[in-house]
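Residues per chain are reported as follows:
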Amino acid sequence: MTPAARLAAAASVLDSIAQGRQPAEAVLKAWGGANRYAGSKDRRAIADRVYKVLRARGRLSWIMGGREDGRALVIGSLHAIDGLSLEEIEALHSGDGYGPRPLSKQERSRITAGQGELPGWVAAGLPEFVVEDFKATFGDRWAEEAHALMAPRAPIDLRVNGAVATVQEVEAELREAGLEPSRTPWSEWGLRLPSEPPPNIQALDGFKVGRFEIQDEGSQVVCWLAGAEPGATVVDYCAGGGGKTLGLAQAMGGQGKLVASDVVNKRLENIRPRLQRAGVEADLVLIGQNGGGLEDLNGQADLVLVDAPCSGSGTWRRRPEDAWRLTAEEVEKLHGLQVRILGQAAKLVKPGGRLAYVTCSMLARENEASADAFEAAHPEFRPVPLIPGEAGEARGFLTQAAGTKFAELASGARLRLSPASADTDGFFIALYERTA
């Protein structure tokens, strides 16, 4: 493909992403399957352009006069990101072959007009309503947090399955495969791979036989902090893809009763092969929208982890397209859903047992506000301070450095992790204990 044809393809992919809810990765894969003539270098160049645009979409749309179509965003990226002159951009838009059509008068004027002074939300690269939340939450650090969340491409974190392998063994295995792993700073069982070039983890033998799983270090950390122990009865209340289910299983050392529940059966079925690979067991339970299906565990669980449905804003460095799909109204609906789910899950916790509320969100409305609402409605749950030594660290899951770092980041029973503060995805955890 010519450079111009790649630009036209990227614009088409961007339009497809905007028209649906599929992840950008899935749309790119579908495009590649439907256009077999595109070689690996072509697909890589197109994907690179798409992600560059998605990460800077707010600024590019501003430059192009508010236009959000793929063509306009690609043109804006050539000017604002690649630094090309008008003449160079016009050369790529000659209309020849499969390349994009020539620039319009308006498009030329937008490029020559310059960016001018950008509004704060445009410069930050976040949706406008999110910036206010960031300012209230992070104060003077809000721009730093926004940049770390949207600008860089995230590394790939792995969790070593301690039941069948050591970190040293997996590290050596990855190096033999030509990869360059490093230790994660907070999780004793974590290894990190650079995002460039993107590694095909699922093709590795170690992944296929369950020696390691893909799991962001922040996700590993909240599993360890929740406090699952061998012999306990543990419920992963909103199991989703099962990543935290497997993390909880590792913390339990294969001893006790582990239940993974969800309202969507397909999600539960997708967990089954992951359990088999890892060599662990869990009861998979389909529950209703109102929590029905787990009544036999009411008042019986030592730990219930609620990884509640959320905006996923903590993962925008991996899926920047989701930032531009989110609305303030959706966040408000999610807040209400989170509070309701916490109330349902609380019924399962026995006196002296723990409830962990977790999101992969950066937004206070989904984090502190939902925790506040739960505490107001459930005085029988006591916040458990997240201090070094009380959860996870003593059992060898967190590094010594983690205890010091998280003591700085924690606020009582609550902890926020973010790309800027911890070099992880954005996560929030609030921990409670049911009083007698």
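Shown above is the structure to which this text applies.
Keep in mind it's a predicted model, so treat the numbers as computed, not measured. (Residues numbered from 1 in each chain as written. Predicted model: local features only at pLDDT ≥ 70, side-chain atom pairs only at ≥ 80, totals over all residues. Heavy atoms only, no water.)

## Some details on the overall build of the chain
Looking only at helices and strands, one finds 19 helices and 13 strands in the chain. A compact globule built from 436 residues should have a C-alpha radius of gyration of about 22 Å, and the chain, at 23 Å, falls within 12% of that. Along the longest, intermediate and shortest principal axes, the C-alpha atoms of the chain span 75 × 50 × 40 Å. In the chain, which comprises 436 residues, the proportion classed as buried is 52%. (Helix = DSSP H or I, 4+ residues; strand = E, 2+ residues; numbered from the N terminus. Rg over C-alpha atoms; globule rule 2.2 N^0.38 Å. Buried < 20%, exposed > 50% of the residue type's maximum accessible area, 1.4 Å probe, protein only.)

## Some remarks on helix H14 (residues 243–252)
Summarising burial for H14: ten of the ten residues are buried, a large majority. Immediately downstream of H14, the backbone of Gly253 shows phi near 60°, a positive value.

## Here's the deal with the side chain of Gln344
Relative to the assigned elements, Gln344 resides in helix H16 (residues 328–346). When near neighbours in sequence (up to four residues on either side) are disregarded, Gln344 contacts Tyr237, Gln289, Asn290 and Gly291. (Contact = heavy atoms within 4.5 Å.)

## As for the packing of H14 against helix H15 (residues 265–278)
It is at 10 Å that the axes of H14 and H15 come closest, and there the two elements cross at 30°. The orientation of H14 with respect to H15, classified from their angle, is roughly parallel. Crossing of H14 against H15: the hand is right-handed. On the side of H14, the interface is formed by Gly243, Thr245 and Leu246, while H15 contributes Arg274, Leu275 and Ala278. (Axes fitted to C-alpha atoms, helices over the stretch in contact; angles between N-to-C directions. Parallel < 35°, antiparallel > 145°, perpendicular 65-115°, else oblique. Left-handed = near helix turned anticlockwise from the far one by under 90°.)

## Overview of the environment of Ser182
Structurally, the position occupied by Ser182 is in strand E2 (residues 182–183). Under the relative-accessibility criterion, Ser182 is labelled partly exposed at 36%. For the pair Ser182 and Ser361, spaced 179 residues apart in the sequence, the C-alpha separation amounts to 26 Å. If we ignore the near neighbours within four places in the chain, the residues touching Ser182 are Gly190, Leu191 and Arg192.

## Let's talk about the packing of aromatic side chains
Going through the model one piece at a time under the given rule, you end up with seven aromatic pairs. Between the aromatic rings of Phe134 and Phe138, the centroid separation amounts to 5.3 Å while the plane-to-plane angle is 65°, which identifies the pairing as edge-to-face. One end of the pair is Phe134 and the other is Phe138, both in helix H9 (residues 128–138) and four residues apart, which spans about a single turn. Assigned by exposure class, Phe134 and Phe138 land together as buried. Ring-pair connections join several aromatic residues into one group, and the members of that group are Phe374, Phe381 and Tyr432. Between the NZ or CZ atom of Arg153 and the centre of the ring of Tyr51, over which it lies, the distance is 5.8 Å. (Phe/Tyr/Trp six-rings, centres within 6.5 Å; stacked < 30°, edge-to-face > 60°. Lys NZ or Arg CZ within 6 Å of the ring centre and 35° of its normal.)

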